[in-house]
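Observations on chain architecture
What follows is each chain in one-letter form.
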Amino acid sequence: MLPVPSPSSSAAAGRYAPSPSGELHVGNLRTAMLAWLFARSSGRNFLLRIEDLDRARAGAEAAQVRDLAAVGLDWDGEVIRQSDRTPVYLEAIAKLQAEGRVYECFCTRAEISDAPRAPHSPPGAYPGTCRNLPEAERERRRRERPGALRLRADVDEYTVHDVLHGDYTGAVDDLVLLRNDGVPPYNLAVVVDDAAQGIDQVVRGDDLLSSTPRQAYLASLLGLPPVEYVHVPLVLGTTGKRLAKRDGAVTLGALADAGIPVPEATAMILDSLGLPGTLPEALEVFDPRKLPREPWIFTPPVR
């Protein structure tokens, strides 16, 4: 039986953290609603953070905030943007550097992809090519191209506990801490921000479960408190692949154009979770143990 999250102190929080790369589709909105329901039902604050370090499209943030409010979400405090927080990420990297846990990496993506790696390593895992380069070789490579900074991991795998999936053990490699263009990557920023905001509950799509052990391991090295993870099923298109605009009317705007107003779209999303048609109504009966465990196959309505 799945545990019901226990009430937390007022300082504890859940969150939703979209990347402003475009309009939210019903899968994004469904995950946001679940994050809100998990947080509010367990007495937590609910925060909104915009993860705009890498993919920001003009006007996307405003559109996302509008649509989240339209389906009934509210949040506590100001909206935080990662692009304002680079100095905080650099401080975290400096801490790891002082402990000898950081090294420069000069590999291209193609070199990483083509490099031999240990048996059973997951696709894309870093094979450690630059881990033990002599200093003279590092100097030579610095003249050729700027280096990224990688974590010198001392484990190959790490175990986390997820409310829906139980214990999950995943691979850990020497993940990037700072790209060679000076931008901190997602895995570092999300860990630092969750701790800084007092977030102790992370609800997100289950496509991110495999990366969670790396993040939890990094958080442990930084001395940050553990969080409660909840990885929820995705929404898929009729082809069985992740939902995308190619699947038709999948955003609130497109659904409205197809004759499905926002309240009806909201009710449709909540119905896919076995919940009544508005977020306040859903909160009254929300029970994590009764959530669907399989993806929702979304067929855009036709009118």
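Anyway, here's the lowdown on the structure attached to this text. As the structure is a prediction and not an experimental result, all values here were calculated from the model.

**Quick look at the packing of helix 6 (residues 186-196) against helix 7 (residues 212-221)**
Running from amino to carboxyl end, helix 6 crosses helix 7 at an angle of 55°, the nearest separation of the two axes being 9 Å. Put simply, helix 6 runs oblique to helix 7. The two elements helix 6 and helix 7 meet at a crossing, and its hand is right-handed. In contact with Tyr 186, Asn 187, Leu 188, Val 190 and Val 191 of helix 6, helix 7 contributes Arg 214, Gln 215, Leu 218 and Ala 219. Here the contact of helix 6 with helix 7 is built from residues that sort into six nonpolar, two polar and one charged.

**What to know about the sheet that holds strand 3 (residues 80-81)**
The strand order across the open sheet formed by three strands is 1-2-3, and the pairing between neighbours is parallel. Each edge of the sheet is formed by a strand with only one pairing partner; in this case those strands are strand 1 (13-16) and strand 3. Of the pairings in the sheet, the one linking strand 1 to strand 2 (residues 45-50) comprises four bridges and is parallel in character. Paired with Ala 13 across the two strands is Asn 45, which belongs to strand 2. Strands in contact with helix 1 (residues 26-41) are strand 1 and strand 2; relative to strand 2, the strand with the most contacts, it is inclined by about 145°.

**Points about the pattern of salt bridges**
Inspection of every chain in the model, using the stated rule, returns 25 salt bridges. Residues Asp 193 and Arg 85 are paired through a salt bridge, measuring 2.5 Å at the closest nitrogen-oxygen approach. With Asp 193 in helix 6 and Arg 85 in the loop between strand 3 and helix 3 (86-98), the pair connects residues that are 108 residues apart, well separated along the chain. Asp 154 serves as the salt-bridge partner of Arg 101, at 3.4 Å between the closest nitrogen and oxygen. Of the two residues, Arg 101 sits in the loop between helix 3 and strand 4 (102-105) while Asp 154 sits in the loop between strand 5 (148-151) and strand 6 (157-162), which places them 53 residues apart along the sequence. Taking the relative accessible area as the measure of exposure, Arg 101 reaches 21% and is therefore partly exposed. Because the salt bridges share partners, they merge into one network encompassing Arg 15, Arg 49, Glu 51, Arg 85, Asp 193 and Asp 194.

Conventions used here
Residues numbered from 1 in each chain as written. Predicted model: local features only at pLDDT ≥ 70, side-chain atom pairs only at ≥ 80, totals over all residues. Heavy atoms only, no water. Axes fitted to C-alpha atoms, helices over the stretch in contact; angles between N-to-C directions. Helix = DSSP H or I, 4+ residues; strand = E, 2+ residues; numbered from the N terminus. Parallel < 35°, antiparallel > 145°, perpendicular 65-115°, else oblique. Left-handed = near helix turned anticlockwise from the far one by under 90°. Contact = heavy atoms within 4.5 Å. Nonpolar A, V, L, I, M, F, W, Y, C, P; charged D, E, K, R; others polar. Pairing = 2+ DSSP bridges. Salt bridge = Lys/Arg side-chain N within 4 Å of Asp/Glu carboxyl O. Buried < 20%, exposed > 50% of the residue type's maximum accessible area, 1.4 Å probe, protein only.

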